[in-house]
Amino acid sequence: RAEIQSGLFARIMLKNGDRVLGTLRTIDAGKVGIFSHYLGSVVLDKRQVHSITFAPLARMSTGNLLVSDQTGIKEFDREGKLVWTFTRNVAYAWSARKLENGNVLVANTNVNQVLEIRPTEKSGGDVVWQLDGVNFPYDAQRLDNGNTLVVEYYANKVVEYDKKDKSPVWTSTRLNYPISAERLPSGNTLICSHQG
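Because the structure is predicted, anything quoted here is derived from the model rather than measured.

Enquirer: Can you explain the sheet that holds strand S10 (residues 104–108)? Please cite residues and give values.
Expert: What the four strands build is an open sheet, ordered S9-S10-S11-S12; its pairing is antiparallel. The two strands at the open ends of the sheet, each matched to only one other strand, are strand S9 (95–98) and strand S12 (125–132). Each neighbouring strand pair of the sheet contributes to a mean axis angle of 20°, computed without reference to strand direction. For S9 and S10, the ladder comprises four bridges, and the chain directions are antiparallel. The residue bridging Ser95 from the neighbouring strand is Ala107, located in S10.

Enquirer: An account of the layout of surface pockets is requested, with residue identities and associated values reported.
Expert: Over the atoms a probe the size of a water molecule is rolled, and this reveals where empty space is left. There is about 420 Å³ of room inside the second largest pocket. Taken together, 13 residues line the second largest pocket, and the ones lying closest to its centre are Glu100, Gln141, Arg142, Leu143 and Asp144. Listing elements by their share of the lining of the second largest pocket, those giving two or more residues are S9 and strand S13 (137–142). Looking at side-chain class alone, the lining of the second largest pocket contains four nonpolar, three polar and six charged residues.

Enquirer: With reference to specific residues and values, describe the environment of Asn147.
Expert: Its place among the elements puts Asn147 in the loop between S13 and strand S14 (148–152). Using a relative accessible area of 9% as the deciding quantity, one classes Asn147 as buried. As a C-alpha pair, Asn147 and Ser167 span 20 residues in sequence and 9.8 Å in three-dimensional space. Beyond its immediate stretch of four places on either side in the chain, Asn147 contacts Gln141, Arg142, Glu160, Tyr161, Asp162, Lys163 and Val169. Here Lys163 takes part through its backbone nitrogen, which lies 3.2 Å from a polar atom of the side chain of Asn147.

Enquirer: Lay out the side chain of Lys74 in plain terms, naming residues and giving numbers.
Expert: Tracing the chain through its elements places Lys74 in strand S7 (residues 72–76). A polar side-chain atom of Lys74 sits 2.6 Å from a polar atom in the side chain of Asp69. Dropping the residues within four chain positions of it, Lys74 is found in contact with Leu65, Leu66, Val67, Asp69, Leu82, Trp84 and Thr85.

Enquirer: Before we move on, could you go through the side chain of Ser95 and cite the residues and values that matter?
Expert: Looking at where Ser95 falls in the secondary structure, it is placed in strand S9. Among the residues examined, Ser95 registers a relative accessible area of 12% and is labelled buried. For Ser95, the side chain forms a polar contact with the side chain of Asp139, separated by 3.3 Å. Beyond its immediate sequence surroundings of up to four residues, Ser95 is in contact with Ser68, Leu105, Val106, Ala107, Tyr138, Asp139 and Ala140.

About the criteria used
- What you see as residue numbers is a count from 1 along each chain, following the sequence as written.
- Reporting in this predicted model follows two pLDDT cut-offs: at least 70 for local features of residues, and 80 or more for side-chain atom pairs to be given and counted; totals over whole chains, interfaces and linings ignore these cut-offs and use all residues.
- Values reported for side chains reflect all heavy atoms of the structure, with hydrogen atoms and water molecules removed beforehand.
- At least two DSSP bridges between two strands are required for those strands to pair.
- To qualify as a helix, a DSSP run of H or I must reach at least 4 residues; to qualify as a strand, a run of E must reach at least 2; elements of each kind are numbered from the N terminus.
- For every element, the axis is a line fit to its C-alpha atoms; helices are fit only across the contacting stretch, and the angle between N-to-C directions ranges from 0 to 180 degrees.
- Buried and open spaces are told apart on a 1 Å grid over the protein atoms alone, a cavity being a set of points where a 1.4 Å probe fits but cannot get out and a pocket being an open set with protein on both sides within 12 Å along at least five of seven lines. Residues with an atom within 4 Å of a point are the lining residues.
- Grid points are joined across faces, edges and corners, and a volume is the space filled by probe spheres set on the points.
- Think of it as three bins: nonpolar holds Ala, Val, Leu, Ile, Met, Phe, Trp, Tyr, Cys and Pro, charged holds Asp, Glu, Lys and Arg, and polar takes everything else, Gly as well.
- The cut-offs for exposure are 20% and 50% of the maximum accessible area for each residue type, with area from a 1.4 Å probe on protein chains only; residues under the lower value are buried, those over the upper are exposed, and the others partly exposed.
- In this analysis, two residues are considered to be in contact whenever any of their non-hydrogen atoms come within 4.5 Å of each other.
- Side-chain atoms alone can form a polar contact between residues adjacent in sequence; in general such a contact is a pair of N or O atoms within 3.5 Å, and within protein one must be able to donate a hydrogen while the other accepts it.

The structure is reproduced here in C-alpha cells:
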C-alpha cells in the first residue's frame, strides 16, 4: 500500500514456501523490491508473494553481530548491547567473522592483511594468526580444512592460503574486483565481483 515506506525490515513468505529476509526498497502495484544479505537486490513479482511481515527494528534471533566500521571491530549481543571491541590498527576493515573457536577473522583491508584475533576482556585482543601482503582484502573465510579463503579486491583474485605456511593452494583470477567469496559444501567457491 502507498503508506508503506522503504527501509523497513521485511520477512517475505513466497507461495512456493521459500522465505526471504531483507530491507524493503520499493513496493508498487505489481512488484516488491528488497535488499537481502544473501541475494543482494531482488525484485519480486507480487504474484509470487504469499505474505509480507514488517518490523520497525530487526533483531537477531540467535548469536551476536560483528560490525566493521571506521573505528574497528565491534560485537553486539542480540539486544544491541556492545560486548566487545577491537580498535588496534583495524580502522575500515571490510569484514569480520566469528570462528568456531571464538576468535574473530578480520579482513584488514587498508593494511593489506588478514588477522585472527582472540578477544580479551571487553576491549582488545591478541593476534594469534596473521597473513600479510594480501592486496586490499575485502573478505576472508576460514575453511573447514583450516585454510583461509581471501578475496583480494585490487589483485582481481580469490586465493586459498595454507594455514601453516601461508602459501597459496588455490587461486581464481578470472575476476573483476571481487568483493566476497564463500566455499560451498560441494567444494565449489561462490564469488561476487563488480561488473565492467
